[in-house]
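# Secondary and tertiary structure notes
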Amino acid sequence: YQRGVGDTYFSGKLIARLARLVQIAYELGQSREAYFQRMVKRLRERIEIWLQRKSGTPFIYDASWGGMISCGCMYDDCYGYCAPRCANKIEPAENCPSLAEAGANMNFGNSIYNDHHFHYGYFVYAAAVLARFDSAAEQRLRPQILSLIRDYGNPSADDPFFPVAR
């Protein structure tokens, strides 16, 4: 697992697990313990790396279908001789491998809108937990989180960027 490199399913699950541990520690009355603040900091860092452009596989807006997709990662570790990384270019977004024809097989079909409701739900849940303990981070990340929510659960038929339902 590399932060910001990978797929939205397994990475989202790991981030949601960390969020659940933060919530459990809070429910057990441990929020004043030093380890608790370290967990919140780690949660914030894990969410931020995915929601900012410095991710190895950032979320991008797909204007053709009106949704958020993961750029995708052409994973490379040089057969064990270099640090794992995404070998593909992410700028401009048209270079993202998930937009290529083969991208439909990448990331469990993320680029063809497969299972966004639960892949992105992991990130939304983690962000909700983070918001409880770090309101400044929530304010900074709100536009990105709302974009993920609007991708799979848009409440407005008047939204020109996202459909109400897929």
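Our subject is the structure that appears above.
Everything numeric in this text was worked out from a predicted model, so none of it was measured.

## Here we look at the packing of aromatic side chains
A full pass over the atoms with the stated rule returns 14 aromatic pairs. Centroid distance tyrosine 61 to phenylalanine 162: 5.6 Å. Interplanar angle 75 degrees. Geometry classified as edge-to-face. One end of the pair, tyrosine 61, is in strand β1 (residues 59-62); the other, phenylalanine 162, is in the segment after α4 (135-153), and 101 residues separate them in sequence.

## As for the pairing of strand β2 (residues 67-70)
Burial of β2 is two-sided: the residues Gly67 and Ile69 facing one way and the residues Met68 and Ser70 facing the other way are all buried. Pairing analysis gives 4 bridges linking β1 to β2, with the strands arranged antiparallel. By the bridge assignment for β2, isoleucine 60 is matched with isoleucine 69. Counting the residues that bridge the hairpin from β1 to β2 gives 4 residues, and of these glycine 66 lies at a positive phi of roughly 70 degrees.

## Concerning the pattern of salt bridges
Taken as a whole and judged by the stated rule, the model has 7 salt bridges. The closest approach of N and O atoms between glutamate 27 and arginine 20, which form a salt bridge, is 3.9 Å. Close ionic contact of glutamate 138 with arginine 142 constitutes a salt bridge, the shortest N to O distance being 2.7 Å. Of the two residues, glutamate 138 and arginine 142 are both situated in helix α4; the distance of 4 residues between them amounts to about one turn of the helix. What you see here is one network of salt bridges that share partners, running through Lys41, Glu45 and Arg46.

## Side note on the state of the cysteines
Using the criterion set out here, one finds 2 disulfides in the structure. At a sulfur-sulfur separation of 2.0 Å, the disulfide partner of cysteine 71 is cysteine 96. Because the torsion about its S-S bond is -100 degrees, the bridge between cysteine 71 and cysteine 96 counts as left-handed. One end of the pair, cysteine 71, is in the loop between β2 and β3 (75-76); the other, cysteine 96, is in the loop between β4 (85-86) and α3 (116-133), with 25 residues separating them in the sequence.

## Here's the deal with helix α1 (residues 8-27)
Taking 1.5 Å of rise per residue, 20 residues should cover 28 Å, and α1 covers 28 Å from first to last C-alpha, within 8% of that figure. Among the residues of α1, Thr8, Tyr9, Ser11, Gly12, Ile15, Ala16, Leu18, Ala19, Val22, Gln23 and Ala25 are the ones counted as buried. Of the surrounding secondary structure, the elements contacted by the buried residues of α1 are α2 (34-51), β1, β2 and α3. Its side-chain oxygen 2.9 Å from the backbone nitrogen of tyrosine 9, aspartate 7 forms the N-cap of α1. Directly after α1, the chain includes glycine 29, whose backbone phi takes a positive value near 75 degrees.

What counts and what doesn't
- Residues numbered from 1 in each chain as written.
- Predicted model: local features only at pLDDT ≥ 70, side-chain atom pairs only at ≥ 80, totals over all residues.
- Heavy atoms only, no water.
- Phe/Tyr/Trp six-rings, centres within 6.5 Å; stacked < 30°, edge-to-face > 60°.
- Helix = DSSP H or I, 4+ residues; strand = E, 2+ residues; numbered from the N terminus.
- Buried < 20%, exposed > 50% of the residue type's maximum accessible area, 1.4 Å probe, protein only.
- Pairing = 2+ DSSP bridges.
- Salt bridge = Lys/Arg side-chain N within 4 Å of Asp/Glu carboxyl O.
- Disulfide = S-S within 2.5 Å.
- Expected span 1.5 Å × (residues − 1).
- Contact = heavy atoms within 4.5 Å.
- Polar contact = N/O pair within 3.5 Å; in protein donor to acceptor, adjacent residues only side chain to side chain.

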